[in-house]
Structures are given as structure tokens and as C-alpha cells.
Amino acid sequence: QVQLVESGGGLVQAGGSLRLSCAASGTIFTINFMGWYRQAPGKQRELVAQITGGARTNYADSVKGRFTISRANAKNTVSLQMNSLKPEETAVYYCNAVHQGYTYWGQGTQVTVSS
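Within every chain, residues take consecutive numbers counted from 1 along the sequence as written. Only residues with pLDDT of 70 or above have their local features reported here, since the model is predicted, and side-chain atom pairs are shown and tallied only from 80 upward, although totals for entire chains, interfaces and linings are computed over all residues. Heavy atoms throughout the structure, all of them, feed into the side-chain values; hydrogens and water do not.

**Examining the pattern of salt bridges**
Okay, step 1: The salt bridge definition used is simple: a Lys or Arg side-chain nitrogen within 4 Å of an Asp or Glu carboxyl oxygen. This model, assessed by the stated rule, comprises 4 salt bridges.
Okay, step 2: Between Arg38 and Glu89 there is a salt bridge, and its shortest N-O distance comes to 3.3 Å. Linking Arg38 in strand E4 (residues 33-39) with Glu89 in the loop between strand E8 (77-82) and strand E9 (91-99), this pair joins segments that are 51 residues apart in sequence. Here the two residues Arg38 and Glu89 agree in accessibility, since each one is buried.
Okay, step 3: One network of salt bridges, with partners in common, ties together Arg38, Glu46, Arg66 and Glu89. Numbering of helices and strands starts at the N terminus; helices are DSSP runs of H or I of at least 4 residues and strands are runs of E of at least 2. Throughout this description, buried means an accessible area under 20% of the type-specific maximum (1.4 Å probe, protein chains only), exposed means over 50%, and partly exposed covers the range between.

**Quick notes on the sheet that holds strand E7 (residues 67-72)**
Okay, step 1: Reading across from one edge, E1-E3-E8-E7 is the order of the 4 strands in this open sheet, with antiparallel pairing throughout. Whereas interior strands pair on both sides, the edge strands pair on one side only; in this sheet they are strand E1 (3-7) and E7. With strand direction ignored, the average angle separating the axes of adjacent strands in the sheet is 15 degrees.
Okay, step 2: Paired strands, as defined in this entry, are two strands with at least two bridges between them according to DSSP. Of the strand pairs in this sheet, E1 and strand E3 (residues 18-25) are connected by 5 bridges, and their pairing is antiparallel. Bridging across to E3, Val5 finds its partner in Ala23. To obtain each axis, a line is fitted to C-alpha atoms, and for helices this fit is confined to the stretch in contact; angles are then taken between N-to-C directions over 0 to 180 degrees.

**Notes on the pairing of strand E10 (residues 102-105)**
Okay, step 1: Pairing geometry for E9 and E10, over 4 bridges, is antiparallel. Counted as the bridge partner of His99 is Tyr102 from E10.
Okay, step 2: Counting the residues that bridge the hairpin from E9 to E10 gives 2 residues, and of these Gln100 lies at a positive phi of roughly 50 degrees.

**Observations regarding the side chain of Gln50**
Okay, step 1: Along the chain, Gln50 falls in strand E5 (residues 46-52).
Okay, step 2: Any two residues whose heavy atoms approach within 4.5 Å at even a single point are treated as in contact. With near-sequence residues (within four places) excluded, Gln50 lies in contact with Phe33, Met34, Gly35, Arg56, Thr57, Asn58 and Ile69.

**Overview of the state of the cysteines**
Okay, step 1: We call a pair of cysteine sulfur atoms a disulfide when they lie within 2.5 Å. As enumerated under the stated definition, the model contains 1 disulfide in all.
Okay, step 2: Here Cys22 connects covalently by a disulfide to Cys95, the sulfurs 2.1 Å from one another. For the disulfide bridge between Cys22 and Cys95, the dihedral angle about the S-S bond is near -85 degrees, and by the sign convention the bridge is left-handed. Remark: Cys95 occurs in strand E9 and Cys22 occurs in strand E3; sequence separation between them is 73 residues.
Okay, step 3: When its relative accessible area of 0% is taken as the criterion, Cys95 is described as buried.

Spelled out as C-alpha cells, the structure:
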């Protein structure tokens, strides 16, 4: 059983930056995929960025060039550096892990971007 704990959300003005972090526990193995999703009010949860154990990355088109995902495999932690944030990116951001055929979610952290 993998547990995910997020940190780093908050309130920022448009054009500002935030860094989200997620720490996984419950396994001694490198987690296959770790990533971030977000869900705005009234909208479906969507992928923001994902990174494999081999550091291959995948980004939503809307965040390419502004967001950077990284991970420390030895600690099964993943971070998301978000720059040039936009008000429409206000959402709850969820850490996600896919490991040995199971999908895990963090509790979510609120990111609010004011205009």
C-alpha cells in the first residue's frame, strides 16, 4: 500500500510561481510512474505532468514550457515547479502514483491563482 502526501499549495498572483512536492511511502521499490493531476470546480480531473522511474516526462500541452516535473527515485518523491501561473489553473492538485498495477492518489492540495 502506497501513501502519498502532498505539500506546497497556496495562493499566488497570476504570473507567479509555486512548487508542489509529494512524498510516497509504503514501498521500498522505485515507483513506476509518479505525476500530478488537477481538478478545477465543475471540471474533470486532468493530467498535468507525469514522470517515469527512468525520468521520462509527459506534460499536458497547456503547461509545456512553464511547468517542470522532477523526482528523486531513492526517496520516491516527485516535485512540480509551476511558473507563469494563470488564474484558470486554479484547482486542487493531486499527486498520483502507479505502482505494480495499482493507482494511488494523494489527498490533494489547493492552488489558487488570483488575477
